[in-house]
Amino acid sequence: MSKKTLKILSLLLVLVFTLVTVTGCGGNGNEEPAPAPEGGEAEAPEEGGEAEAPSEEQIVLRAATSVDMTHPYNQGMVAYGEMLEERTNGKYSIEVYPDAQLGSEREIIEGIQMGTIDVTVVSTAPLAGFSDAFLVTDLPFIFVDKPHAYRVLDGEIGQNIFAQLDGTGIKGLAFWENGFRNITNSERPIMVPEDVQGLKLRTMENQIHMDSFRQVGADPTPMAFGELFTALQQGTVDGQENPLPIIATSRFYEVQDHLALTGHFYAPAPLLVSGALWDNLSDEEKVIFQEAANEATAIQRGMIQEMDDRLVEELEEAGMQITRPDKAAWQEAMAPVYVQWEDTIGADLIQQIQEMAE
Ligand code: EAX
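Residues numbered from 1 in each chain as written. Predicted model: local features only at pLDDT ≥ 70, side-chain atom pairs only at ≥ 80, totals over all residues. Heavy atoms only, no water.

(A) Structural detail: the sheet that holds strand β2 (residues 92-97). Reading across from one edge, β2-β1-β3-β10-β4 is the order of the five strands in this open sheet, with mixed pairing throughout. The two strands at the open ends of the sheet, each matched to only one other strand, are β2 and β4 (170-180). Each neighbouring strand pair of the sheet contributes to a mean axis angle of 20°, computed without reference to strand direction. Helix-sheet contacts for helix α3 (residues 105-114) involve β1 (59-64), β3 (119-121), β4 and β10 (266-274), and the interaxial angle to β3 is about 150°. (Pairing = 2+ DSSP bridges. Helix = DSSP H or I, 4+ residues; strand = E, 2+ residues; numbered from the N terminus. Axes fitted to C-alpha atoms, helices over the stretch in contact; angles between N-to-C directions. Contact = heavy atoms within 4.5 Å.)

(B) Fine view of the site of the ligand. The local shell around the ligand consists of S66, V67, Y73, E105, S123, N178, R181, R202, M204, F225 and N242. Y73 is positioned with one of its side-chain polar atoms (N or O) 2.8 Å from an oxygen atom of the ligand. N242 has a polar side-chain atom sitting 2.6 Å from an oxygen atom of the ligand. Protein coverage of the free-state accessible area of the ligand, which is 270 Å², stands at 99%. (Near = heavy atom within 4 Å. Polar contact = N/O pair within 3.5 Å; in protein donor to acceptor, adjacent residues only side chain to side chain. Areas by Shrake-Rupley, 256 points an atom, 1.4 Å probe, with all protein chains shown as cover.)

(C) Structural context of the side chain of S131. Mapped onto the elements, S131 comes out in the loop between β3 and α4 (146-153). A distance of 3.0 Å separates a polar side-chain atom of S131 from the backbone nitrogen of A133. Ignoring anything within four residues of it in the chain, the contact list for S131 reads Q164 and L165.

(D) Representation of the pairing of strand β6 (residues 200-203) in the model. Pairing geometry for β6 and strand β7 (residues 219-222), over four bridges, is parallel. The partner of R202 across the bridge, within β7, is T221. As judged from the two bridges shared by β6 and strand β8 (residues 239-242), these two strands associate in the parallel manner. Paired with L201 across the strands is G239, a residue of β8.

Coordinates in, geometry out; function isn't part of it.
Listed below in structure tokens is the structure:
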């Protein structure tokens, strides 16, 4: 199926779903049933309700992600939806469409801008196509550990990043995470940067990521996440890079033999809502949405940590050969990217972040 057809299909899906939930016309004919969203509670179809307005307004928000339902993006979203439902007395709830069902991350972000998707968690990397604000987070080894990333993203710098989204139709609520990214491939164990020379490595659609891998001699091949498993399986690319929870929940261990714990990029994953939704909320609702987002952040990051703690062992048991490269060598090899990008990102901002390392 072409990308365009897919996009049209997913828009149609959204439209049909909206009609069904708004008019309750799902239960009175022999039309196709609405697609069942995963993870949310299924709504009981209203019997024979023509134009019966519900006594209280109930709004089911559409959440879209590119990853498997079991991944903490989606499990965090379920937790967030439960908080919203409880705190708005059932007015707002969330239904999750995982696995790029509603499009790639780039298309999901476009959906957020158009208001056809209400909420998402995505990597910062594809956001680079919409705003320069996130670029700094994509630099290799910019965050030395998670506490460093949290200090930066939960503080003034994170707020400034979100403020730069003003006028884009995207509202940032909190920085959830994907985690530190590691390289997998089907060819050979990776220890030193030279080991990836000539490897065709799928990256996200992000120039800094591509430049970083060019620096170590790999052949970076940008591709939407939804196409990646098949590309790895068919050998269209030799490898890819992602955090352990993605490698596990998307079953990349089935098609990749080698895992190198390089931790070269820390991937934040902002929780975003559409500007259209945000502008429609009352002030009181905005507070509820924001506070719940902040609380869900700790839960979501905890889920990632819990997985990071056990997955090295589990992936090894699943048959992956694991290497632990010396990160300093990789940091040095990728360092020229900082020079390439410092004018666009701002040398001051880079320095400010580096100074927050301890
Ligand atoms: O944001 O595309 C990727 O490799 C991302 O890690 C994934 O879609 C989650």
